[in-house]
Amino acid sequence: MNRNSMFSKWKLVAIGAFCFFQSSCQNRPSKETEDATIDYVTETVGDVDFGKTNMSAYTPEIRENMKELYDDKFGLFVHFGPYAQLAGEWQGKKGAAEWIMRRSFIPVSEYEKEAAGKFKPEKFNAKEWVDIAENAGMKFIVLTAKHHDGFAMYKSKNPYNLFDFTGFNRDILKELAEECKERGMKLGFYYSQDQDWHEKGGAGNDWDFGTVIKPEDEFDAYFKEKAVMQIKELTTNYGDIFMVWFDTPFQITDEQSQMMMDAVKENQPGALVNARLGNGYGHFDVSIDNGTTPSVSKATWLTDLKVPWQTHESVTKDGWGYTTRGAELDRSGDYSDFIYSLCRIVGNGGVYLLNVGPRPDGTIPESQVNSINAIGEWLKVNGEAIYGADPSPLKFPPFAITSKPGKVYLHIQNLKENQVELKGILSKVNKAYVLADTSKQPLTFSQENEKISVTIPEELQQPRVTVIVLEIEDNEAKIVDETIQQEADGTIKLPVSKCEFSIRRISYDYDEQVTHRWGENTKQGLLWTVNVKKPGTYKVISEDSGNDGFVYYLSTSNDTITLNSKGVIGKLTKKQQTGTIKIEEAGVHKFTVYPKVPASKATKGSYKFKGLELVPVE
């Protein structure tokens, strides 16, 4: 495929993505009606979301940092820029956080005057930021060096930057880099390589420059003259960089993705690059925002290197940057959930990046600090079960589980009747105890075949998440076969709770056992592994909350059927599909479901998919 045809394809994808934010591609919604709280995109460019980077890119330097990322598990994300100055409000009306320039269609001239021109973070203190990260048990920091508004948070040769444009005579990135180096805190930079609402050639700004997607020559000029040059600045002027965290690829091409990989490598041979660079490039995969998964994923591991996936969440609400309504909240009621998110993510093979949104003066609100400090206090006691831990030995763990050689850690948020039961571990358990108990008092437990039951006295239960250690006879736990088995009556059940994701841009609701934001991208495959004993012809029963505007495919090794949600948006119901699907041979089969087209924008993120049942035709 030549460059021009490739660009046309990506242009269509990107236009479709931006249609999610607009009432239609032709008619921009009013400022009053647009949802100001949605700060994400749904599509990525190319056919591959992750895995195109050549294995030769995993150099000894990259491998060393990848091992550290795998062991570290937990980092601080910081969304900080001129958008904080607006605090989530524009012209007296509610707006977004870091996406406020686009959501409220603020002209460049007005944004320069009211946001960037007034932005002077005079109370920024690098020592305080690193103190906050250290106290939270975080091992690295990723700060927004340039977000989609195009404003550089350092002294760049491009004049639209904190030092030159605002007259703020400090380079806060340099101050932070020096503090991190002195304290042994690893540092990374977020950089929006594709979207740039300040530049005519950057993607995204159609209210000033007429189109969301820019002509190829204009975008190429922006990319080479601003994006690549600023990455060279960031990788040259601030010492050792742990990672460069790219975001929202729209029209970036394969050639440009590789160009950016090369630009990072030239000055920072050990710097990790995330998969949001675009077109499948990067060293590690990144999920959707707040992404969770029902299964353990080792799909990105190399034969000799554990490569974690990563997801991110924020202690703010209504966006990732500062707003008065979302960044000054008392989140004490959510402390346990933040801790358990860390446990779940690590237990499923991931790394957790937790975001704060500083005030425009550079201080991080106490309420946000308290939220991450709560995790730090927990980690001081339970860090053994997180740092350097491997995922659950069970691919589909019933709750958060991590492991190390000879040990399995059960992370329990809500104990019921002082009992924990676990099915699936075959290795002999020699001892059970609560990790927070320094005396390692043995707990009463029973083990029968694959079933383990442990009793935890109330006095040993922890206030937020209790970690129970199972010391096992084997170095690596032996487990039951988790392949889905066909029911005795011939029914094949394909619940989302037992699926794997083909890409990371999807999430899972543990409470309802349904997908979250599945169907927005045609690459969002769901995969099941099933042992079929009775092949034949099957009718299909689906359970979801969509309508007939959403169509998707179910495929076996030798047949495909088109399915239709044909229900009421927002109401989770079962319905029999039209047609049948064939399975011709007994044995282990892979079943996949892929959207035919992106889910209708009418669902507005409310679409839920619980699974399928295949019922034999009599």
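The paragraphs below set out a description of the structure included in this document. Everything numeric here is computed off the predicted structure, so don't read it as measured data. (Residues numbered from 1 in each chain as written. Predicted model: local features only at pLDDT ≥ 70, side-chain atom pairs only at ≥ 80, totals over all residues. Heavy atoms only, no water.)

**Let's talk about helix H7 (residues 172-183)**
Helix length check: H7 (twelve residues) gives 16 Å between terminal C-alpha atoms against 16 Å at 1.5 Å per residue, within 8%. Among the residues making up H7, those that are buried are Ile 172, Leu 173, Leu 176, Ala 177, Glu 179 and Cys 180. All buried residues of H7 project into a common sector of 165° when viewed along the axis, lining one side. In H7, the exposed positions angled more than 90 degrees off the buried face are occupied by Glu 178, Lys 181 and Glu 182. The inward-facing, buried residues of H7 abut helix H6 (126-135), strand E4 (140-146), strand E5 (186-191) and helix H9 (216-234). The distance from a side-chain oxygen at the start of H7 to the backbone nitrogen of Leu 173 is 3.1 Å, and the residue carrying that oxygen is Asp 171. Trailing H7 by a residue or two, Gly 184 shows a phi angle of about 75°, which is positive. (Helix = DSSP H or I, 4+ residues; strand = E, 2+ residues; numbered from the N terminus. Expected span 1.5 Å × (residues − 1). Buried < 20%, exposed > 50% of the residue type's maximum accessible area, 1.4 Å probe, protein only. Arc of directions from axis to C-beta. Contact = heavy atoms within 4.5 Å. Polar contact = N/O pair within 3.5 Å; in protein donor to acceptor, adjacent residues only side chain to side chain.)

**Remarks on empty space enclosed by the protein**
Considering all chains together, one arrives at two cavities of 30 Å³ or more under this definition. Looking at the second largest cavity, its volume works out to about 100 Å³. What lines the second largest cavity is Thr 44, Asp 49, Pro 249, Ala 275, Arg 276, Gly 278, Asn 279, Gly 280, Asp 285, Val 286, Arg 504 and Arg 505. Class assignment of the residues belonging to the lining of the second largest cavity gives a composition of three nonpolar, four polar and five charged. (1 Å grid on protein atoms, 1.4 Å probe; cavity = no way out; pocket = protein on both sides within 12 Å on 5 of 7 lines; lining within 4 Å. Points joined across faces, edges and corners; volume = space filled by probe spheres on them. Nonpolar A, V, L, I, M, F, W, Y, C, P; charged D, E, K, R; others polar.)

**As for the packing of aromatic side chains**
The tally for this structure, following the rule as stated, stands at 27 aromatic pairs. Taken together, a centroid distance of 5.5 Å and an interplanar angle of 80° make the contact between Trp 518 and Phe 550 edge-to-face. Of this pair, Trp 518 sits in the loop between strand E21 (514-516) and strand E22 (526-532) while Phe 550 sits in the loop between strand E23 (536-544) and strand E24 (551-555), and the two are 32 residues apart along the sequence. Both residues of the pair, Trp 518 and Phe 550, belong to the buried class. Put simply, the rings of Phe 80, Phe 119, Phe 124, Trp 129, Phe 151, Tyr 160 and Phe 165 pair up and form one aromatic cluster. (Phe/Tyr/Trp six-rings, centres within 6.5 Å; stacked < 30°, edge-to-face > 60°.)

**Remarks on the side chain of Asp 285**
As for its position among the elements, Asp 285 is in the loop between strand E7 (272-273) and strand E8 (309-314). With relative accessibility at 8%, the residue Asp 285 sits in the buried group. Those residues within four positions of Asp 285 in sequence are excluded, and the remaining contacts are Phe 50, Ala 275, Thr 300, Pro 308, Trp 309, Gln 310 and Arg 504.

**Structural notes on H9**
Look at H9: 25 Å from first C-alpha to last across 19 residues, which is about the 27 Å you get at 1.5 Å a residue. Its maximal kink placed at Phe 223, H9 deviates by approximately 35°. All buried positions along H9 are accounted for by Glu 216, Phe 219, Asp 220, Tyr 222, Phe 223, Lys 226, Ala 227, Val 228, Gln 230, Ile 231, Glu 233 and Leu 234. (Bend = angle between axes of the 7 residues up to and from the residue.)

**Some thoughts on the sheet that holds strand E28 (residues 609-616)**
Pairing in this open sheet of four strands is antiparallel, and the strands run E18-E28-E23-E26 from one edge to the other. Two strands lie at the open edges of the sheet, namely strand E18 (492-495) and strand E26 (573-583), each paired on one side alone. Strand-to-strand twist across the sheet, computed as the mean angle between neighbouring axes with direction ignored, equals 20°. (Pairing = 2+ DSSP bridges. Axes fitted to C-alpha atoms, helices over the stretch in contact; angles between N-to-C directions.)

**Some thoughts on the sheet that holds strand E15 (residues 451-455)**
The three strands lie next to each other as E12-E15-E14, forming an open sheet whose pairing is antiparallel. Only two strands of the sheet have a single partner each, and these edge strands are strand E12 (419-423) and strand E14 (445-448). Geometrically, the sheet is characterised by an average inter-axis angle of 10° between neighbouring strands, direction not taken into account. Where E12 and E15 come together, five bridges link them in antiparallel fashion. Bridge pairing in E15 places Lys 423 opposite Lys 451.

**Observations regarding the nonpolar core**
Residues Leu 173, Leu 410 and Leu 470 are the most contacted members of the largest nonpolar core, which totals 120 residues. Ignoring sequence-local partners within four residues, the contact set of Leu 410 consists of Phe 399, Ala 400, Ile 401, Val 420, Leu 422, Thr 466, Val 467, Ile 468 and Leu 470. Ile 492, Val 496, Trp 518 and Phe 609 belong to the second largest nonpolar core, which has 29 residues in total. (Core = buried A, V, L, I, M, F, W, Y, C linked by side-chain atoms within 4.5 Å.)

**Here we look at the side chain of Asn 158**
If you trace the backbone, Asn 158 turns up in the loop between E4 and H7. For Asn 158, the side chain forms a polar contact with the main-chain nitrogen of Tyr 160, separated by 3.1 Å. Residue contacts for Asn 158: discarding those within four places in its chain leaves Glu 199, Lys 226 and Gln 230.

**Focus: the layout of surface pockets**
Left-over empty space is what a probe sized like a water molecule reveals as it rolls over the atoms. By volume, the second largest pocket is sized at about 780 Å³. Along the walls of the second largest pocket sit 41 residues, with Val 296, Ser 297, Lys 298, Ala 299 and Trp 301 positioned nearest its centre. Broken down by secondary-structure element, the contributors of at least two residues to the lining of the second largest pocket are strand E10 (401-404), strand E11 (407-412) and strand E19 (500-501). Residue classes in the lining of the second largest pocket are distributed as 17 nonpolar, twelve polar and twelve charged.

**Side note on the packing of H9 against helix H10 (residues 254-267)**
In contact at an axis separation of 10 Å, H9 and H10 are set at 20° when each is read in the N-to-C sense. By the criterion of interaxial angle, the relationship of H9 to H10 is roughly parallel. Regarding H9 and H10, the two cross each other, and that crossing is right-handed. Here Phe 219, Asp 220, Phe 223, Lys 224, Ala 227, Val 228, Ile 231 and Lys 232 of H9 lie close against H10, whose contacting residues are Gln 256, Met 259, Met 260, Ala 263, Val 264, Glu 266 and Asn 267. A breakdown of the residues in the contact of H9 with H10 according to their chemical character gives nine nonpolar, two polar and four charged. (Parallel < 35°, antiparallel > 145°, perpendicular 65-115°, else oblique. Left-handed = near helix turned anticlockwise from the far one by under 90°.)

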